[in-house]
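Here's the letter readout for the chains.
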Amino acid sequence: MAEKVDYATLKRGGFMRQKQKNRFSLRLHSVGGAFSSDDIRNIGDIADRYGNGTVHFTARQGVEIPFVKLEDVESIRADLARVGLRPGVCGPRVRTVTACQGSTVCPSANIDTQDIARKIDERYYGMELPHKFKFGVTGCHNNCLKAEENDVGIKGSCRVKWKEDPCISCGICVTACREHAIEMTDDGKIAVDYAACTSCGRCQRACPTDAWETHPAYTLTFGGQFGSTLIKGQECIPPIDDEETLFRVTDAAVGYFKDHANKGERMGKMLARIGRDEFEETIKEAYRG
Amino acid sequence: MADFNVADKVDITDVVCPVTFVKTKIALEELDEGQILQVHLAEGEPLQNVPRSCKEEGHRVLKLENNGDGTFEMYVAKGPDDEA
């Protein structure tokens, strides 16, 4: 190992320099914290072979194998590739896309977060940008995945419309609504104040007779970060009804960040510096199509 | 009181989730398809979850009455057995 070590290249390839000399924590590519049981067994085998037999689950659903030696970098890459795994990324680029379990598992979820996370990963993962860029996808307004702490957060929403026929006028939806946006009239009809409705979907989830027409939607927040400075991502458009619009809007957000952020500046800091008006107009244009 | 031919009653105000639904489920298991169970339940979490869970298990929620004291009466008709 006489050559000079290019730490930046190693870091880009997911090899994180440890405090111990010549040891690296190897970050793996992951999406939404989803791994097969075979993946987990293979990761364990590789940690035994190249590390110290431990594996670290990171704060953002990543997996790292610590105590990997520099001279093993190429062979561990090859071993990972053989079992369908690959190193992740660090540095100024699009990072691990996080997601909750979503509608394939969770009774509360309004959207298939894992599917959306995989599509975002395919579209953006590792893309070079002025600074790190994080996407998070959460299935409902319970917000287990903390959408607003990401540069772009996606939250599953549910547009609702009352159906008179199956309704038994039980009033559960009225008590379920946290925005007090639902009222029951004296003759047992349901009225929704859509100005107050956040499309969280609690009314239709609590309904014992499926008396709601529902449509999944994506509520987006922009400019969040939760590191040394805390900034909560903010909404600027209504919930999005379809995937095509969703990706048009995320393309616009990533593109604007690429064109306007200074090196080493997160989206939230960029928006604080130059203001949100032009950015929000760009997002609204993309939303309208 | 609603005008239902109630086959059995169960009070779930003395237990917390998930026992609320378990108690309801056990009471429903004793009934035949179409028979009606009256469930005395508290507002809040039991009200948000127990009626919905009954629906998801194939039973039919007929009516909910607000007792005005923080409790409700739910009338639920037993659905077809899964095993059948």
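Residues numbered from 1 in each chain as written. Chains lettered and ligands numbered in written order. Predicted model: local features only at pLDDT ≥ 70, side-chain atom pairs only at ≥ 80, totals over all residues.

### As for the overall build of chain B
Secondary structure assignment for chain B yields 2 helices and 4 strands. Ordering the α and β elements of chain B from the N terminus gives β-α-β-α-β-β. The C-alpha atoms of chain B give 12 Å as radius of gyration, which agrees with the globular expectation for 84 residues (12 Å, within 12%). The principal-axis extents of the C-alpha atoms in chain B amount to approximately 40 × 30 × 15 Å. Of all 84 residues assigned to chain B, the portion counted as buried reaches 31%. Across chain B, every contact between residues at least 6 apart in sequence was considered, and the portion connecting residues at least 24 apart equals 60%. (Helix = DSSP H or I, 4+ residues; strand = E, 2+ residues; numbered from the N terminus. Rg over C-alpha atoms; globule rule 2.2 N^0.38 Å. Buried ≥ 20, exposed ≤ 12 C-beta atoms within 10 Å, placed from the backbone. Contact = placed C-beta atoms within 7 Å.)

### Brief notes about the sheet that holds strand β2 (residues 23–27) of chain A
Each strand in a sheet pairs with its neighbour through backbone hydrogen bonds, running either in the same direction (parallel) or in the opposite one (antiparallel). Residues and elements named next belong to chain A. Pairing is antiparallel across the open sheet formed by 4 strands, whose spatial order is β1-β2-β4-β3. Since the sheet does not close on itself, it has two edges, and those belong to β1 (15–17) and β3 (56–57), each with one partner. Looking at chain direction, β3 and strand β4 (residues 63–69) are connected through 2 bridges and run antiparallel. Counterpart to Phe57 in the pairing with β4 is Val63. (Pairing = 2+ DSSP bridges.)

### What about the domain arrangement of chain A?
Residue and element names in this part refer to chain A. Taken domain by domain, chain A holds domain 1 (7–82) and domain 2 (98–288). Domain 1 puts 6 residues into the contact, and the matching count from domain 2 is 7 residues. When grouped by side-chain class, the residues that make up the side of domain 1 that touches domain 2 number 2 nonpolar, 3 polar and 1 charged. (Domains from an automatic or database assignment. Nonpolar A, V, L, I, M, F, W, Y, C, P; charged D, E, K, R; others polar.)

### Section: helix α1 (residues 19–29) of chain B
All names here are of chain B. Within α1, the full set of buried residues consists of Thr20, Phe21, Thr24, Ala27 and Leu28. Summarising the axial view, the buried residues of α1 lie within an arc of 125°, below the 170-degree limit, and thus occupy one face. Away from its buried face by more than 90 degrees, α1 exposes Val19, Ile26 and Glu29. Check the buried side of α1 and you find it contacts β1 (6–11), β2 (36–42) and α2 (45–56). (Arc of directions from axis to C-beta.)

### Regarding the sheet that holds strand β6 (residues 135–138) of chain A
All names here are of chain A. Spatial ordering of the open sheet is given by β5-β6-β7-β10, a layout of 4 strands whose pairing is mixed. The open sheet has two edge strands, β5 (98–99) and β10 (212–222), and neither has a second partner. Of the strand pairs in this sheet, β5 and β6 are connected by 2 bridges, and their pairing is parallel. Note on β6: the bridge partner recorded for Thr98 is Gly136. Its contacts with the sheet place helix α4 (residues 113–124) against β5, β6 and β7 (152–162), and it is angled at close to 165° to β6. (Axes fitted to C-alpha atoms, helices over the stretch in contact; angles between N-to-C directions.)

### Some points on the nonpolar core
Here is a general trend for soluble globular proteins: nonpolar side chains tend to be buried in one another's company. Counting residues in each nonpolar core, the largest one holds 69 residues, and the members touching the most others are Val137(A), Cys173(A), Cys203(A), Ala253(A), Phe257(A), Met74(B) and Val76(B). Counting residues per element, this core draws most heavily on helix α7 (residues 243–260) of chain A, at 6 residues. Setting aside its immediate chain neighbours within four residues, Phe257(A) contacts Leu129(A), Pro130(A), Phe133(A), Met267(A) and Met270(A). By size, the runner-up hydrophobic cluster in this structure holds 14 residues, among which are Leu26(A), Leu28(A), Ile46(A) and Ile65(A). (Core = buried A, V, L, I, M, F, W, Y, C linked by C-beta atoms within 7 Å.)

### A look at the packing of α1(B) against α2(B)
Residues and elements named next belong to chain B. As a packed pair, α1 and α2 sit with axes 10 Å apart at the nearest point and diverge in direction by 35°. Seen along the crossing, α1 lies across α2 with a hand that is right-handed. Here α1 contributes Thr20, Phe21 and Thr24 to the contact with α2, which in turn contributes Pro46, Asn49, Val50, Ser53 and Cys54. Here the contact of α1 with α2 is built from residues that sort into 4 nonpolar, 4 polar and no charged. (Left-handed = near helix turned anticlockwise from the far one by under 90°.)

### Describing the interface of chain A and chain B
Taken together, the contacts link 10 residues of chain A with 12 residues of chain B. At the level of elements, α5 (172–176) and α6 (202–206) of chain A are the ones that each hand at least two residues to the side of chain A that touches chain B. A total of 3 residues in the side of chain A that touches chain B trace back to one element, the largest contributor, which is α5(A). Taken together, the residues of the side of chain A that touches chain B sort by class into 6 nonpolar, 3 polar and 1 charged.

### Here we look at the environment of Val73(A)
Residue and element names in this part refer to chain A. Of note, Val73 is situated in helix α3 (residues 73–82). A count of 18 C-beta atoms within 10 Å places Val73 in the partly exposed class. In sequence terms Val73 and Leu10 are 63 residues apart; their C-alpha atoms lie 8.9 Å from each other.

### Points about the pairing of β7(A)
All names here are of chain A. The buried fraction of β7 amounts to 8 of the 11 residues, a majority that puts the element mostly inside the structure. Pairing of β6 with β7, which is carried by 4 bridges, proceeds in the parallel orientation. By the bridge assignment for β7, Gly136 is matched with Gly153. Sheet topology places β7 next to β10; 11 bridges connect them, and they run antiparallel. Note on β10: the bridge partner recorded for Cys158 is Pro216.

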